[in-house]
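Structural overview for review
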Amino acid sequence: MQQIAKDVNSLNMLLHAPKLRGNFGEYLLYNLLKDTLPSQNYAEQYAFSDGATVDAIIRLGKNIIPVDSKFPLESFERYITSADENIKKKAKTEFSNSVKARINEISTKYIRPQENTFDFALMYIPSESVYYEILTNDSKKQYELFDYAMKNRVIPVSPNTFYAYLMSIVYGLKGLKIEEHAETITKKISGVQKNFSDFSAELAVLGKHISNTAGKFGEVQEKAKKVESALAQMTIIF
């Protein structure tokens, strides 16, 4: 247990470095994408025309969804751990301002319909507790941060909710694939229908031939019986 506590503490210290924490968040994001979507439907470190680079994008048809990983941890930790109400209140305000700044950054830098993005982006938060605080933050009014994000067309997602989004996208991609190939599928079904119609017609002709053959066979069998009867009578005479 002491060793586990040391390992957890080491990870906690590691995540205090903003750069390493950012890399860790991106790592979790990339693994979720890799484990859920086909490789052709997402890309890492996607660069726009002016060189701005978003952590990842999801491809849906001809359009893309920008996904950026943000992890505002320092002020959140002070807010959660501090016993001093003044420090706690200040940390909560800092946290709210930090989240809003990240939302503004994503909204202005990565939502680009002129470059085939959808009119929204995803803000991936690799911590369920931070995500929950963003979702329920009520420093001024209920759901203030979440409403602010929605107003700026930025959707906050956590590992769990992002997975649900991805699964919905997977089913959507299947629908798109069927739609893209609908004409080909229709042609193939029509071809099968024609082949079956031709087969049915040939089967009917064959059945007719078999019926005629059966009729002829009956006629020949009757004649054979007559010949047999005549031969039998001749045998009696001789």
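The shown structure was predicted, so the numbers you read here are calculated from the model rather than taken from an experiment.

If you trace the five strands from one edge of the open sheet to the other, you get β1-β2-β3-β4-β5, paired in mixed fashion. Two strands in the sheet have a free side with no partner beyond their single neighbour: β1 (42-47) and β5 (154-157). On average, each strand axis in the sheet is inclined to that of its neighbour by 35°, with strand direction left out of account. Bridge analysis of strand β4 (residues 121-124) against β5 gives four bridges, and the strand direction is parallel. The residue of β5 that forms the bridge with Tyr-124 is Val-157.

This next bit is on unusual backbone geometry. Look at Gln-45: it is not a glycine, yet its phi comes out positive at around 50°. Locating Gln-45 in the fold gives a position in strand β1. For Arg-153, which is not a glycine, the phi torsion comes out positive at approximately 60°. In this structure, Arg-153 sits in the loop between α6 (144-151) and β5.

Throughout the structure, instances matching the rule amount to four aromatic pairs. Relative to Phe-48, the ring of Tyr-46 lies with its centre 5.3 Å away and its plane at 85°, an arrangement referred to as edge-to-face. Judged by relative accessible area, Phe-48 falls into the buried class, the value being 4%. Centroid distance Phe-118 to Phe-120: 6.0 Å. Interplanar angle 35°. Geometry classified as tilted. Here Phe-118 falls in the partly exposed class, since its relative accessible area comes to 27%.

This part covers the pattern of salt bridges. Overall, the coordinates contain six salt bridges when judged by the stated rule. Between Glu-105 and Lys-109 there is a salt bridge; the shortest N-O distance is 3.7 Å. Of this pair, Glu-105 and Lys-109 are both found in helix α4 (residues 85-110), four residues apart, which corresponds to roughly one turn of the helix. Judged by its relative accessible area of 31%, Lys-109 is partly exposed. Measuring nitrogen to oxygen at the nearest pair gives 3.1 Å for the salt bridge that ties Glu-115 to Arg-112.

Each value, and the rule that gives it
- Residues numbered from 1 in each chain as written.
- Predicted model: local features only at pLDDT ≥ 70, side-chain atom pairs only at ≥ 80, totals over all residues.
- Heavy atoms only, no water.
- Pairing = 2+ DSSP bridges.
- Helix = DSSP H or I, 4+ residues; strand = E, 2+ residues; numbered from the N terminus.
- Axes fitted to C-alpha atoms, helices over the stretch in contact; angles between N-to-C directions.
- Phe/Tyr/Trp six-rings, centres within 6.5 Å; stacked < 30°, edge-to-face > 60°.
- Buried < 20%, exposed > 50% of the residue type's maximum accessible area, 1.4 Å probe, protein only.
- Salt bridge = Lys/Arg side-chain N within 4 Å of Asp/Glu carboxyl O.

So, to be careful, I would describe these as geometric facts and stop short of saying anything about function.
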